[in-house]
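Residue strings, one per chain:
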Number of protein chains: 2
Amino acid sequence: MISNATRSLSVTDHLRESILSGGLPAGTKLQEVRLSEELGVSRTPIRAALQSLSAAGLLDYAPNRGYVVREFPISELVDAYEIRGSLEGLAARFTAERGLDNSQREVIEESLATGRNILNRSTTMDDHVLGIIGETNAAFHDTIMEASLNRLLSQMAQMSFQIPRVSNRNIIAFGLDELRQRHDEHYLIYEALLARAATKAETLMRDHVASVKFAAVRALRETR
Amino acid sequence: MISNATRSLSVTDHLRESILSGGLPAGTKLQEVRLSEELGVSRTPIRAALQSLSAAGLLDYAPNRGYVVREFPISELVDAYEIRGSLEGLAARFTAERGLDNSQREVIEESLATGRNILNRSTTMDDHVLGIIGETNAAFHDTIMEASLNRLLSQMAQMSFQIPRVSNRNIIAFGLDELRQRHDEHYLIYEALLARAATKAETLMRDHVASVKFAAVRALRETR
DNA sequence: CAATTTTAAAATGTATACAAAATTAATTGA
DNA sequence: TCAATTAATTTTGTATACATTTTAAAATTG
């Protein structure tokens, strides 16, 4: 199990992981005693975790009836990308208005350089490449979200990432060329941020996420 | 205390109310024993409530250090309206795409009629008028959010309402004429929804919320 | 036999006791 | 006196026992 400050937090991480990975499919009833026996802790941290995941939107809850892994209809999953586009667009706008500090610029520039390097060198798309791209992509998006200086926005973005398959780290496996296009868009967004062009940054970011959405929808169609 | 299915839920409602009303100002440390004595319940439901409000973004939490009522900088409050605008805009678009069912149309039409009536009859703005307008306004916005058929979106909108003073029920007290303008915008939005004009509905809704934002910002400036 | 009621089992909600961590107070030593 | 350390207190985290509600199984009745 993931190690954390408290058992409650560990259990929360563990269960979230199980749900997002599909180990606990939608509809699964999560019973406190069963889980406490399985994970070797008392009901107290289990209850805390269930409540937390319910607030995060991963579980359905009814008083006196407990928690159930909630269903994620495909339509909602597609919508989640639209929502992410709007939220990250807003984040880009706020960040353009407020500016990036030195350390934030550094992080973004490093993510751009690392991404550029691996995309130039690679001819095939293995797990290594996907892993690196996933990290640099997340660093880019997370930094902009952080620089927007808005907790509500960050919290909401966090929520949208808790929808299975909607995340900045899980790169949808489209071709290298497409990956390069997405990376070029990062450059353009960064330029707009440096130029403090708020509306442009917002539009570019929204369109960028929309492109990712198209790939995700295509991937979804193919796997089913 | 508010009556609910469980003590945990009652305590949650009670504390939320206290925070949003300003009874528990930002920075207040919420200690479990103290609250449990004050509210006459054990620590268990108190802990559940604190966790829930923390997930909702009203409290800051640190392991082994407890919960503190979080600060809401004015800038974040203004941003919250931008976020609301985007989210409700998306809701309008999804609803236009998916359509309203009969009962939803009924609710909206009744809210429009009730609002029209009271705005035509009234010459001054007392608490009665504000109460009715608040209700009809909330009914209008809530119904569209519900009709968007997207849980993530609804959940996020719910979050933005938990920021003090950002809510569809708390009408910012601008003049009757302005209230009439806002009400006319409701009509236009409803028309766009009926015509299934997705982009138009989204734009109208976003602009509508932006207008409310301007009034809110103005009101904030005056009260400080 | 089917439908309803009653009863038993199991699950969630709450209180409380104990453990561990953090905070505060007291003590020690320079 | 002041800093660092230690001890005491307070606060949060966890386990467990009991209460209440829900769910299921069994019994009853028409």
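Residues numbered from 1 in each chain as written. Chains lettered and ligands numbered in written order. Predicted model: local features only at pLDDT ≥ 70, side-chain atom pairs only at ≥ 80, totals over all residues. Heavy atoms only, no water.

**Section: the interface of chain A and chain B**
Alright, step 1. Listed per partner, the contact involves 36 residues of chain A and 36 residues of chain B.
Alright, step 2. For the pair chain A and chain B, the two sides together bury roughly 3,000 Å², of which 57% comes from carbon and sulfur.
Alright, step 3. Together, Ile 83, Arg 151 and Leu 152 of chain A form the three largest contributors to the area buried by chain A at its contact with chain B, with a combined 20%.
Alright, step 4. If you look at where chain A meets chain B, you find six salt bridges.
Alright, step 5. As a salt-bridge pair, Glu 82 of chain A and Arg 93 of chain B come within 2.3 Å of each other at their nearest N and O atoms.
Alright, step 6. Where chain A meets chain B, there are twelve residue pairs in polar contact (both at pLDDT 80 or more).
Alright, step 7. At the level of secondary structure, the elements contributing two or more residues to the side of chain A that touches chain B comprise helix 3 (43-55), strand 2 (59-62), helix 4 (74-98) and helix 7 (151-161) of chain A.
Alright, step 8. The biggest single contributor to the side of chain A that touches chain B is helix 4 of chain A, with eleven residues.
Alright, step 9. Its residues placed into classes, the side of chain A that touches chain B shows 18 nonpolar, nine polar and nine charged. (Contact = heavy atoms within 4.5 Å. Buried area = accessible area lost by both parts, 1.4 Å probe. Salt bridge = Lys/Arg side-chain N within 4 Å of Asp/Glu carboxyl O. Polar contact = N/O pair within 3.5 Å; in protein donor to acceptor, adjacent residues only side chain to side chain. Helix = DSSP H or I, 4+ residues; strand = E, 2+ residues; numbered from the N terminus. Nonpolar A, V, L, I, M, F, W, Y, C, P; charged D, E, K, R; others polar.)

**Section: the side chain of His 208 of chain A**
All names here are of chain A.
Alright, step 1. Along the chain, the position of His 208 falls in helix 9 (residues 198-222).
Alright, step 2. Here His 186 takes part through its side chain, which lies 3.1 Å from a polar atom of the side chain of His 208.
Alright, step 3. If we skip the residues at most four places from it in the chain, His 208 touches His 141, Arg 182, Glu 185, His 186 and Ile 189.

**Focus: the relation of the copies chain A and chain B**
Alright, step 1. Mapping chain A onto chain B leaves a residual RMSD of 0.0 Å; the transformation is a rotation of 180° accompanied by 0.0 Å of translation along its axis. The operation mapping one copy onto its partner corresponds to a two-fold rotation axis. (Least-squares fit on C-alpha atoms with pLDDT ≥ 70 in both.)

**Topic: the pairing of strand 3 (residues 66-69) of chain A**
Residues and elements named next belong to chain A.
Alright, step 1. Sheet topology note: the strand 1 (residues 29-30)/strand 3 ladder contains two bridges and is antiparallel. Across the sheet, Lys 29 pairs through a bridge with Val 68, a residue of strand 3.
Alright, step 2. As defined by bridge partners, strand 2 adjoins strand 3 across four bridges and the pair is classed as antiparallel. Directly across from Asp 60, in strand 3, lies its bridge partner Val 68.
Alright, step 3. Linking strand 2 to strand 3, which pair antiparallel, is a turn of three residues; within it Asn 64 sits at a positive phi near 70°. (Pairing = 2+ DSSP bridges.)

**Description of the sheet that holds strand 3 (residues 66-69) of chain B**
Residues and elements named next belong to chain B.
Alright, step 1. Read from one edge to the other, the open sheet built from three strands follows the order 1-3-2, with strand pairing classed as antiparallel. At either margin of the open sheet sits one strand with a lone partner, and together these are strand 1 (29-30) and strand 2 (59-62).
Alright, step 2. Against the sheet, helix 3 (residues 43-55) contacts strand 1, strand 2 and strand 3, and its axis sits at roughly 110° relative to strand 2. (Axes fitted to C-alpha atoms, helices over the stretch in contact; angles between N-to-C directions.)

**Quick notes on the sheet that holds strand 3 of chain A**
Residues and elements named next belong to chain A.
Alright, step 1. Pairing is antiparallel in the open sheet, where three strands are placed in the order 1-3-2. Edge positions in the sheet fall to strand 1 and strand 2, since each has one partner strand and no second.
Alright, step 2. Sheet contacts for helix 3: strand 1, strand 2 and strand 3; angle to strand 2, the most-contacted strand, approximately 110°.

**Comments concerning the packing of helix 4 of chain A against helix 6 (residues 127-147) of chain A**
The relative placement of two packed helices is expressed as an angle between their axes plus a distance between the axes.
Residues and elements named next belong to chain A.
Alright, step 1. The geometry of helix 4 relative to helix 6 is characterised by a closest axis approach of 8 Å and an angle of 60° between their N-to-C directions. The angle between helix 4 and helix 6 places the two elements in the oblique class. Two packed elements cross with a definite hand, and for helix 4 against helix 6 that hand is left-handed. Of helix 6, the residues touching helix 4 (which contributes Arg 84, Leu 87, Glu 88, Ala 91, Ala 92 and Thr 95) are His 141, Ile 144, Met 145 and Ala 147.
Alright, step 2. Taken together, the residues of the contact of helix 4 with helix 6 break down into six nonpolar, two polar and two charged. (Parallel < 35°, antiparallel > 145°, perpendicular 65-115°, else oblique. Left-handed = near helix turned anticlockwise from the far one by under 90°.)

**Thoughts on the protein's contact with DNA strand D**
Alright, step 1. What surrounds DNA strand D is a group of 21 residues, the closest being Arg 7, Ser 8, Ser 42 and Thr 44 of chain A together with Tyr 61 of chain B.
Alright, step 2. In DNA strand D, atoms within 4 Å of the protein come 67% from sugar and phosphate.
Alright, step 3. Residue Thr 44 of chain A places a side-chain N or O atom 2.5 Å away from a base nitrogen belonging to DNA strand D.
Alright, step 4. Put simply, the parts of the chain that give the surface near DNA strand D at least two residues each are helix 1 (7-20) and helix 3 of chain A together with strand 1 and helix 3 of chain B.
Alright, step 5. For the surface near DNA strand D, the element with the highest residue contribution is helix 3 of chain A, accounting for three residues.
Alright, step 6. Residue classes in the surface near DNA strand D are distributed as five nonpolar, eight polar and eight charged. (Near = heavy atom within 4 Å.)

**Comments concerning the domain arrangement of chain A**
Residue and element names in this part refer to chain A.
Alright, step 1. Examined at the domain level, chain A breaks down into domain 1 (7-69) and domain 2 (74-222).
Alright, step 2. Contact with domain 1, which involves four residues of that partner, is made by four residues of domain 2.
Alright, step 3. Of the roughly 370 Å² buried at the junction of domain 1 and domain 2 (both faces included), carbon and sulfur atoms supply 53%.
Alright, step 4. By the criterion of area lost to domain 2, the three top residues of domain 1 are Leu 20, Ala 56 and Leu 58, representing 75% of everything that side buries.
Alright, step 5. One can count zero salt bridges joining domain 1 with domain 2.
Alright, step 6. Linking domain 1 with domain 2 are zero residue pairs in polar contact (both at pLDDT 80 or more). (Domains from an automatic or database assignment.)

**A short note on the protein's contact with DNA strand C**
Alright, step 1. Inspection of the region around DNA strand C gives 22 residues, with Tyr 61 of chain A together with Arg 7, Ser 8, Ser 42 and Thr 44 of chain B positioned closest.
Alright, step 2. Counted by atom, the contact set of DNA strand C within 4 Å of the protein is 70% sugar and phosphate.
Alright, step 3. Within the backbone of Asn 64 of chain A, an N or O atom sits 3.1 Å from a phosphate oxygen of DNA strand C.
Alright, step 4. A distance of 2.7 Å is found between a phosphate oxygen of DNA strand C and a side-chain nitrogen or oxygen belonging to Ser 8 of chain B.

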